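# Structure assessment
Spelled out, the chains give:
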Amino acid sequence: MSQKILLTSKEVDIILNRLACQLIEKHLDFSNTILIGIQPRGTYLAERIKNLLETKYNTNKIALGYLDITFFRDDFRRTEKPLEANQTKIDFLVENKKVIFIDDVLYTGRSIRSALTAIQSFGRPAEIELLVLIDRRFSRHLPIQPDYRGRQVDAINNEKVIVSWKENEGEDAVFLVPTKQEPTNN
């Protein structure tokens, strides 16, 4: 299986810093803004962004939560395998806050639609924005677009974007890999 490197560790670091700076420009002190990492893969990006904001850019007391969307997905009953939920951890008020959803890859938009439904269980935010590392812009099923994006990728449907985080896979990198093709009978 051949894979193409879309982003190296250095490029990921540059993008994370740019995204952090864009958030500071819009939200300044984050007193009324909360970060929500979409489980499971958005949590790594959310933690990295929070860490950068606090350590490198001296922004204090940023609220960070994790939102599991498993049972809010429109396809959760369509698999033979039982789904395993991740932990939701939101220990602060969402009511009237500016919420920034954070996920690694925006593909069809269905995960974000699910997150929009799931967050309502915790209150009604004043507004919701979306930050993603990778925006697969030609693959959308729903009219959902990111407010902050690291990189746009024009991947076709038989390609998959894989994000590796050093906390989990040992390195920061983004790869484009072909998915398995089903043989066709001619």
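Refer to the structure printed above.
The following refers to the structure shown. (Residues numbered from 1 in each chain as written. Predicted model: local features only at pLDDT ≥ 70, side-chain atom pairs only at ≥ 80, totals over all residues. Heavy atoms only, no water.)

## Describing the overall build of the chain
In terms of helices and strands, the chain carries three helices and eight strands. In the chain, the succession of helices and strands from N to C terminus is β-α-β-α-β-β-α-β-β-β-β. A fraction of 68% describes how many contacts in the chain between residues 6 or more apart in sequence connect residues 24 or more apart. Looking at the chain as shown, the accessible area adds up to about 10700 Å², and 48% of this sits on carbon and sulfur atoms. (Helix = DSSP H or I, 4+ residues; strand = E, 2+ residues; numbered from the N terminus. Contact = heavy atoms within 4.5 Å. Areas by Shrake-Rupley, 256 points an atom, 1.4 Å probe, with all protein chains shown as cover.)

## So, helix α3 (residues 110-119)
Here α3 has its buried residues at Ile112, Ser114, Ala115, Ala118 and Ile119. The arc that holds every buried residue of α3, seen down its axis, measures 155°, which confines them to one face. (Buried < 20%, exposed > 50% of the residue type's maximum accessible area, 1.4 Å probe, protein only. Arc of directions from axis to C-beta.)

## Some remarks on the packing of helix α1 (residues 9-27) against helix α2 (residues 42-55)
In contact at an axis separation of 10 Å, α1 and α2 are set at 65° when each is read in the N-to-C sense. Taken together, the axis directions place α1 and α2 in an arrangement best described as roughly perpendicular. The chirality of how α1 crosses α2 is right-handed. In contact with Leu16, Asn17, Leu19, Ala20, Leu23 and Ile24 of α1, α2 contributes Leu45, Arg48, Ile49, Leu52 and Leu53. Taken together, the residues that form the contact of α1 with α2 break down as nine nonpolar, one polar and one charged. (Axes fitted to C-alpha atoms, helices over the stretch in contact; angles between N-to-C directions. Parallel < 35°, antiparallel > 145°, perpendicular 65-115°, else oblique. Left-handed = near helix turned anticlockwise from the far one by under 90°. Nonpolar A, V, L, I, M, F, W, Y, C, P; charged D, E, K, R; others polar.)

## Focus on the pairing of strand β2 (residues 33-38)
The buried fraction of β2 amounts to six of the six residues, a majority that puts the element mostly inside the structure. Of the two faces of β2, the one holding Thr33, Leu35 and Gly37 and the one holding Ile34, Ile36 and Ile38 are both buried throughout. Where β2 and strand β4 (residues 98-106) come together, five bridges link them in parallel fashion. Residue pairing across strands places Leu35 opposite Ile100, the latter belonging to β4. Viewed along the sheet, the connection from β2 through α2 into strand β3 (residues 63-67) turns out right-handed. (Pairing = 2+ DSSP bridges. Right-handed = clockwise from strand over helix to strand, strands pointing away.)

## A short note on the pattern of salt bridges
All told, the structure shown has ten salt bridges when counted by the stated rule. Residue Glu169 pairs with Arg41 through a salt bridge whose shortest N-O separation is 3.0 Å. Here Glu169, found in the loop between β7 (159-164) and β8 (173-178), pairs with Arg41, found in the loop between β2 and α2; they are 128 residues apart in sequence, far enough to count as distant. Overall, Arg41 belongs to the partly exposed group, its relative accessible area being 24%. The residue Asp135 makes a salt bridge to Arg149 at a minimum N-O spacing of 3.0 Å. One end of the pair, Asp135, is in strand β5 (residues 127-136); the other, Arg149, is in strand β6 (residues 148-153), and 14 residues separate them in sequence. The class for Asp135 is buried, based on a relative accessible area of 0%. When its relative accessible area of 28% is taken as the criterion, Arg149 is described as partly exposed. Salt bridges sharing common partners tie together Arg41, Asp104 and Glu169. (Salt bridge = Lys/Arg side-chain N within 4 Å of Asp/Glu carboxyl O.)

## Section: the sheet that holds strand β1 (residues 4-7)
Here we have three strands laid out as an open sheet, ordered β1-β8-β7, and antiparallel in their pairing. Each edge of the open sheet is held by one strand with a lone partner, namely β1 and β7. Strand-to-strand twist across the sheet, computed as the mean angle between neighbouring axes with direction ignored, equals 30°. With six bridges joining them, β7 and β8 adopt antiparallel strand pairing. Following the sheet pairing, Lys160 is matched in β8 by Val177. Here α1 sits on the sheet in contact with β1 and β8, set at roughly 25° to β1.

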